[in-house]
Amino acid sequence: MRALDVLDAGPEHAEAIVDIIHRSFSVRPDLDPPSTALDETVESVSEVLATAGGLLVERRGVPMGALLFDESRPGKLGLRRVSVDPEIQARGVASAMVGVAEDTAEERGKDGIWLHVREELPDTVRFWTRRKYHPVGQEGPLLVLGKTLWLAREVPTPDAMQHLAARVAELVRPGDLLVLSGDLGAGKTTFTQGLGDALRVRGPVTSPTFVLARTHPSLVDGPALVHVDAYRLGSAAEVDDLDLDTASDEAVTVVEWGEGMAEQLNDSWLSVSIEVRGARPIDPLGTEHDGDHPDEAEPRVVTIKPNGPRWVDVPLRSTLLG
């Protein structure tokens, strides 16, 4: 299939979008109560496009898919009437629209996306859950799905890294898991120190390389910080052997070098990846393998991705980019 064009739709596209909506929803199974999509008119769609906007997918100028945006919920972008021409299903049209919709939400400064899905349509539910949309509520016959957007930002200094971690601390709560990844000396321990300082736990927070896990109790009746270093662990089974579950419900757990191993500890986690901009020599033995004072001349790019239902509806982007 040739490349698709995904257009920002305006009122001038209303007629084409109504046609796609009607054709798409008319072939769906009968539902009780029935969908109101077939009640859409050029006038009703034009009004939405003039205010919230929408997307139209074309191939060689032929409309193939469409959706409408909904700006009714603060901090989120809603998706309505997600429609694909029934004659070209399973050709990537819906996926292309969702990708552009997520980019649009980011451009509009939104924290996440929501939409309604009928529970009686398991294939539709599966489409969205594969794209990491999670159920967050029920409104009559409609299942509410949501997704929080990830972000990346440049962090120029160790102080800035700790400041970013302090902003993350505003969002975490007991039971949360953070999985940190990055090269040797990237600043994972620096991030954890900033998190621990903001949570006001007993310090000092240093790399627990040789003890594997260290618990820092709260000084203010808040959650403890469980700081884990998985650098010398070889498998998820070895992470299990640390028996972290006993404290994880009451603490915030940070696992350095945990990517691909520690995610099993929780159904939700924050993935924090730290990339060094520019190359520098690294001690091949790994001693002091995540130094407390990364080189101030080399900025980092920190990418934070929410995973699982816990992070849906959390204002991640507005808190960390504000």
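See above for the structure.
This text gives an overview of the structure that appears in the document. Numbers given to residues run from 1 along each chain, matching the order in which its sequence is written. In keeping with the predicted nature of the model, local features appear solely for residues at pLDDT of at least 70, side-chain atom pairs appear and are counted solely at 80 or more, and the whole-chain, interface and lining totals rest on all residues. Excluding hydrogens and water, the side-chain figures rest on all heavy atoms present in the structure.

**Here we look at the nonpolar core**
Inclusion rule: Each nonpolar core is a collection of buried residues, namely Ala, Val, Leu, Ile, Met, Phe, Trp, Tyr and Cys, held together in the definition by side-chain atoms within 4.5 Å. Using a 1.4 Å probe on the protein chains alone, a residue whose accessible area is under 20% of its type maximum counts as buried, one over 50% counts as exposed, and one in between counts as partly exposed. When checking whether two residues touch, look at their non-hydrogen atoms; a contact exists if any pair is within 4.5 Å.
By size, the foremost hydrophobic cluster in this structure holds 41 residues, and its most contacted members are I17, V45, L67, F69, L79 and W128. Once residues lying within four places of it in the same chain are set aside, the contact partners of F69 are V48, A52, G53, G54, L55, L77, G78, L79, A101, T104 and R108. One finds L178, F191, V272 and L316 within the second-largest nonpolar core, a separate group that totals 30 residues.

**Details of the sheet that holds strand 8 (residues 151-155)**
Here is the rule: Paired strands, in this sense, are two strands between which DSSP finds at least two bridges. Runs of H or I in DSSP of at least four residues are treated as helices and runs of E of at least two as strands, each being numbered from the N terminus. Comment: axis = line fitted to C-alpha atoms, over the contacting stretch for helices; angle = value between 0 and 180 degrees taken between N-to-C directions.
Ordered in space as 8-14-13-9-12-11-10, the 7 strands form an open sheet in which the pairing is mixed. The strands lining the two open edges of the sheet, one partner per strand, are strand 8 and strand 10 (213-216). Strand-to-strand twist of the sheet, defined as the mean angle between neighbouring strand axes without regard to direction, takes the value 20°. In the sheet, strand 8 pairs with strand 14 (residues 300-307) via 5 bridges, with the strands oriented antiparallel. If you follow R153 over to strand 14, its bridge partner there is V302.

**A word on the pattern of salt bridges**
Let me state the cut-off plainly: Salt-bridge detection follows one rule: a side-chain nitrogen of Lys or Arg within 4 Å of a carboxyl oxygen of Asp or Glu.
Per the counting criterion, the structure on display carries 15 salt bridges. The closest approach of N and O atoms between R81 and E40, which form a salt bridge, is 2.9 Å. Taken together, the residues R81 in strand 4 (residues 76-84) and E40 in the loop between helix 1 (14-26) and helix 2 (42-51) connect sequence positions 41 residues apart. Its salt-bridge partner being K110, residue E71 comes within 2.6 Å of it at the nearest N-O pair. Taken together, the residues E71 in the loop between strand 3 (62-70) and strand 4 and K110 in the loop between helix 3 (93-107) and strand 5 (112-118) connect sequence positions 39 residues apart.

**With respect to the sheet that holds strand 4**
Across a sheet, paired strands are connected by hydrogen bonds in the backbone, their directions being either parallel or antiparallel. Read across the sheet, 7 strands follow the order 1-2-3-4-5-7-6 without closing on themselves; strand pairing throughout is mixed. At either end of the open sheet lies a strand with only one pairing partner, and these are strand 1 (5-9) and strand 6 (134-139). Sheet twist, expressed as the average angle between the axes of neighbouring strands with direction ignored, equals 30°. Sheet analysis places strand 2 (residues 54-59) next to strand 3, joined by 6 bridges and oriented antiparallel. Pairing of E58 across the sheet is with P63, part of strand 3. Each of strand 1, strand 2, strand 3 and strand 4 touches helix 2; the most contacted strand, strand 3, lies at about 65° to it. Here helix 3 sits on the sheet in contact with strand 1, strand 2, strand 3, strand 4, strand 5 and strand 7 (142-148), set at roughly 160° to strand 4.

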